[in-house]
Amino acid sequence: MKDYLTVEGLGRFLSTAGLWAPLVFIAIYAVGVCLFVPGSILTGIGAVIFGAYWGFVYVWIGAMIGASVAFLIGRTLGREFAASLVGNRLRKYDDAIERNGFATVLYLRLIYFPFTPMNFGMGLTKVNFRDYFLGTGLGILVGTFIFTFFIGSLKEIWASGDWSELASFKVFFSVGLFIFSFFIPKLVNKVRRREGYTGT
């Protein structure tokens, strides 16, 4: 798999798919999620091959399909396997998930809880699939866009060879978003603590 999980390797493979390349990439991403391929690698490759915007769309769809399949595996076929991945890390949220599944899944996604273990592990909890799907879809939206926009913007400059574009607003904006993404978990936790303090 390492031979294909590069921009060159996967790019050559997708070039043979023609118009079906986006669907093939989405399928590869979804399978990769279930096989513990780091999402950052697949996301970066998608941004380089398809660009900042379409790369974001295809990556998000692939991630959602992979996360959904892993959830169903954890719930129906691989409960012992899923339990070995997460231990008690998700079980302590079980009551909260049962009361407000969407908000809890959204919170865990925003604080960057490990993606693949959470996909499988959520199948062990009492969350229903609808809350899990919606919470995941919204929770990974911002981080996915920031990363693909950042990588895609740099790729465009590299491909054009116009290095003066490094000083463009788009590059500064993408770098700013990328740096901001590292503070998202802290901001979410700060808001959560404030809401807990005020009793809301």
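Residues numbered from 1 in each chain as written. Predicted model: local features only at pLDDT ≥ 70, side-chain atom pairs only at ≥ 80, totals over all residues. Heavy atoms only, no water.

## Side note on the pattern of salt bridges
Right, on to step 1. Evaluation of the coordinates by the stated rule reveals 1 salt bridge.
Right, on to step 2. With a shortest N-O distance of 3.7 Å, R130 and D131 are connected by a salt bridge. (Salt bridge = Lys/Arg side-chain N within 4 Å of Asp/Glu carboxyl O.)

## Some words on a nonpolar patch on the surface
Right, on to step 1. Residues V175, I179, F180, F182, F183 and L187 make up a contiguous nonpolar surface patch of about 560 Å² in total accessible area.
Right, on to step 2. For the nonpolar patch, the leading source of residues is helix α11 (residues 169-181), giving 3 residues.
Right, on to step 3. Structurally, F182 is set in the loop between α11 and α12 (184-198).
Right, on to step 4. The class for F182 is exposed, based on a relative accessible area of 55%. (Patch = residues over 30% accessible without salt bridge, like charges linked within 9 Å, V, L, I, M, F, W, Y side chains within 5 Å. Areas by Shrake-Rupley, 256 points an atom, 1.4 Å probe, with all protein chains shown as cover. Helix = DSSP H or I, 4+ residues; strand = E, 2+ residues; numbered from the N terminus. Buried < 20%, exposed > 50% of the residue type's maximum accessible area, 1.4 Å probe, protein only.)

## Notes on the packing of aromatic side chains
Right, on to step 1. Counted under the stated rule, the structure contains 12 aromatic pairs.
Right, on to step 2. Their ring planes at 80 degrees and their centres at 4.9 Å tell us that F50 and Y58 sit as a pair that is edge-to-face.
Right, on to step 3. When the centroid spacing of 6.4 Å and the interplanar angle of 40 degrees are considered together, the rings of F129 and Y132 count as tilted. Within this pair, F129 and its partner Y132 are both found in helix α9 (residues 129-139), separated by 3 residues, close to a single helical turn.
Right, on to step 4. Clustering of aromatic rings is evident, with ring pairs tying together F25, Y29, F50, W54 and Y58. (Phe/Tyr/Trp six-rings, centres within 6.5 Å; stacked < 30°, edge-to-face > 60°.)

## Quick notes on the packing of helix α1 (residues 7-15) against helix α2 (residues 21-34)
Right, on to step 1. Direction vectors running N to C along α1 and α2 enclose 135 degrees, while the axes themselves pass 9 Å from each other. By the criterion of interaxial angle, the relationship of α1 to α2 is oblique. Note on packing geometry: the crossing formed by α1 with α2 is right-handed. For the pair formed by α1 and α2, the contact residues are L10, F13 and L14 on the first element and A21, V24, F25 and I28 on the second.
Right, on to step 2. Looking at the contact of α1 with α2, its residues break down into 7 nonpolar, no polar and no charged. (Axes fitted to C-alpha atoms, helices over the stretch in contact; angles between N-to-C directions. Parallel < 35°, antiparallel > 145°, perpendicular 65-115°, else oblique. Left-handed = near helix turned anticlockwise from the far one by under 90°. Contact = heavy atoms within 4.5 Å. Nonpolar A, V, L, I, M, F, W, Y, C, P; charged D, E, K, R; others polar.)

## A look at α1
Right, on to step 1. Considered for burial, the residues of α1 that qualify are G9, L10 and L14. Burial along α1 is one-sided: seen end-on, the buried residues are contained in an arc of 125 degrees. Along α1, exposed side chains directed more than 90 degrees from the buried face belong to E8, R12 and S15.
Right, on to step 2. Tucked into the core, α1 has its buried residues touching α2 and α3 (39-50). (Arc of directions from axis to C-beta.)

## Side note on the environment of D131
Right, on to step 1. Along the chain, D131 turns up in helix α9.
Right, on to step 2. For the pair D131 and N100, spaced 31 residues apart in sequence, the C-alpha to C-alpha distance is 8.4 Å.
Right, on to step 3. Sequence-distant contacts of D131, that is, excluding residues within four places in its chain, are made with G101, F102 and V105.

## Side note on the nonpolar core
Right, on to step 1. Counting residues in hydrophobic clusters, the biggest one holds 17 residues, and the most contacted among them are L10, L14, F25, Y29, F50 and Y58.
Right, on to step 2. For this core, the elements supplying multiple residues, two or more each, are α1, α2, α3 and α4 (52-77).
Right, on to step 3. Counting residues in each nonpolar core, the second largest holds 12 residues, with I97, F113, M118 and M122 among its members. (Core = buried A, V, L, I, M, F, W, Y, C linked by side-chain atoms within 4.5 Å.)

## A word on the packing of α3 against α4
Right, on to step 1. At a minimum axis distance of 7 Å, the contact between α3 and α4 shows a crossing angle of 140 degrees. Our classification of the angle between α3 and α4 gives oblique. The handedness of the crossing between α3 and α4 comes out as right-handed. Every residue of α4 that contacts α3 at L42, T43, G46, A47 and F50 is listed here: A52, W54, G55, Y58 and V59.
Right, on to step 2. For the contact of α3 with α4, the per-class residue count stands at 7 nonpolar, 3 polar and no charged.

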